[in-house]
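Remarks on the overall topology
The residues making up each chain are set out below.
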Amino acid sequence: MTKELGSKLANSVRQAKAKQPQKNTTDAQQVAEAPLSKAEPELPLPPLPVRRVWPD
Amino acid sequence: MLAQVFSVANQKGGTGKTTLSMNLAAGLSRRGRTLIIDADPQGSAGQWAGLSTDERPFPVSVISVASNLAREVSRMRQDYQYLVIDCPPTLETGVAQSAMTISDKVFIPILPSPVDLWASVRLADAIDQVKISNSRLQAYILINQLELRSAMSRSMSQALAEFDMPALQSCLRRRAVYRNSALEGLSVYCMGKRGESAVQEVEFLIEEILTS
């Protein structure tokens, strides 16, 4: 029973993986290799990026 | 020494990210200075700790980081031994990816259900992408709310073998004390006898995390 259910679950995961859109390796490499300093200038800090919520 | 950074992520809601973050951090705080970073705009971690009383405060500070997560984490890394980032339940904003980019380890709580398994397929892909820029990132699946008597729970290991990332041997059982401790603004460590079994499994989890 457990084994059968396990196979069903495993199959469903395989199907979910097959339905995933193909990974775009080129895009990922471009993102990883993009020079951050030129292409993405630092944005000014928002007034309160960090808020201590506990303890007050 | 710089802090170890642990993220708790899953783009699916309701898998126990905050519960894991809070109890993991409470256990880690017994070993070294720990901070919880609430990167989820829902602010559940802050709400949780905020429910504690002055007499029984939550043992770990919580900060909410709305932006510049990487910068803030790198700043805090020097002051703590462990940072635990509670990620938002989405991949759309890029916050979870940012958290993983600056983490040493990411833990993915998954409930023993087909829907949770399917949802995690996409997260596994996102982790692969993050690893391009953070090759030291180690990702682990953690089964949460395990029910030993349920056939579905017992069948999980076969399905988890389909993922390209390992599952931790430790798992968290489905226990009322996890929910009750949230309501009191505490961790399971402060729940006395009611929390003993939960503490035991969290301790086992932490030992595994720190040695894996």
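Preceding this paragraph is the structure being described.
Residues numbered from 1 in each chain as written. Chains lettered and ligands numbered in written order. Predicted model: local features only at pLDDT ≥ 70, side-chain atom pairs only at ≥ 80, totals over all residues.

Considering the pairing of strand β1 (residues 4-8) of chain B
Every regular strand shows the same layout, with side chains that alternate between the two sheet faces. Residue and element names in this part refer to chain B. We apply this condition: Field definition: a residue is buried when 20 or more other C-beta atoms are found within 10 Å of its C-beta, exposed when 12 or fewer are, and partly exposed for counts in between, with C-beta atoms placed from the backbone. In DSSP terms, a helix is any run of H or I states spanning at least four residues, a strand is any run of E spanning at least two, and both are numbered starting from the N terminus. Here a strand pair is declared whenever DSSP counts at least two bridges between the two strands.
Counted residue by residue, β1 has 4 buried out of 5 residues, so it is predominantly covered. Sheet analysis places β1 next to strand β4 (residues 82-86), joined by 5 bridges and oriented parallel. Paired with V8 across the bridge in β4 is D86. In the sheet, β1 pairs with strand β5 (residues 105-110) via 3 bridges, with the strands oriented parallel.

Remarks on the sheet that holds strand β6 (residues 138-143) of chain B
Put simply, the test is: Here an axis means a line fitted to C-alpha atoms, over the contact stretch when the element is a helix, while the angle between two N-to-C directions is reported on a 0 to 180 degree scale. By definition, residues are in contact whenever their C-beta atoms, placed on the basis of the backbone, come within 7 Å of each other.
Pairing in this open sheet of 7 strands is mixed, and the strands run β1(A)-β3(B)-β2(B)-β4(B)-β1(B)-β5(B)-β6(B) from one edge to the other. The strands lining the two open edges of the sheet, one partner per strand, are β1 (50-54) of chain A together with β6 of chain B. Each adjacent strand pair in this sheet contributes to an overall mean axis angle of 25°, direction not counted. Pairing between β5 of chain B and β6 of chain B: 6 bridges, direction parallel. For K105 of chain B, the partnering residue across the bridge sits in β6 of chain B and is Q138 of chain B. With respect to the sheet, helix α5 (residues 114-133) of chain B is in contact with β5 and β6 of chain B, its orientation differing from that of β5 of chain B by roughly 165°.

Brief notes about the packing of helix α1 (residues 2-19) of chain A against helix α6 (residues 151-160) of chain B
Using the following cut-off: In this scheme, roughly parallel covers angles under 35 degrees and roughly antiparallel covers those over 145, while 65 to 115 is roughly perpendicular and the rest are oblique. Left-handed describes a crossing in which the near helix is turned anticlockwise from the far one by less than a right angle; the clockwise case is right-handed.
The interhelical angle for the contact between α1 of chain A and α6 of chain B, taken along N-to-C directions, is 55°, at an axis separation of 8 Å. For the element pair α1 of chain A / α6 of chain B, the angle class is oblique. Remark: the crossing between α1 of chain A and α6 of chain B carries right-handed chirality. On α6 of chain B, the residues that touch T2, L5, G6, S7, L9, A10 and V13 of chain A of α1 of chain A are A151, M152, R154, S155, Q158 and A159 of chain B.

Thoughts on helix α8 (residues 196-211) of chain B
Residue and element names in this part refer to chain B. Which entries qualify depends on this criterion: Expected helix span is given by 1.5 Å per residue-to-residue step, counting one fewer step than there are residues. It is the directions from the helix axis to the C-beta atoms that the arc portrays.
With 16 residues, α8 extends 23 Å from end C-alpha to end C-alpha; this agrees with the ideal 22 Å at 1.5 Å per step. Among the residues making up α8, those that are buried are A198, V199, V202, L205 and I209. Buried residues of α8, viewed axially, fall in a sector of 125°; they line one side. Facing away from the buried surface of α8 by more than 90 degrees, the exposed residues are E196, Q200 and T211. Looking at the buried side of α8, the elements it contacts are α1 (17-28), β5 and α7 (176-183).

Observations concerning the interface of chain A and chain B
The accessible area lost on association of the parts is a frequent measure of interface size. The interface of chain A with chain B comprises 25 residues on the first partner and 33 residues on the second. Counting only elements with at least two residues in the side of chain A that touches chain B, the list comes to α1, α2 (25-33) and β1 of chain A. A per-element tally of the side of chain A that touches chain B places α1 of chain A first, with 11 residues. When β1 of chain A meets strand β3 (residues 61-65) of chain B, the two strands line up antiparallel, connected through 4 bridges. Within β3 of chain B, the position partnered with W54 of chain A by the bridge is V62 of chain B.

Structural notes on the environment of S67 of chain B
Residues and elements named next belong to chain B. Inspection of the secondary structure puts S67 in the loop between β3 and α3 (69-76). You can call S67 partly exposed: it has 15 C-beta atoms within 10 Å. When the C-alpha atoms of S67 and A39 are compared, they prove to be 8.5 Å apart, with 28 residues separating the residues in sequence.

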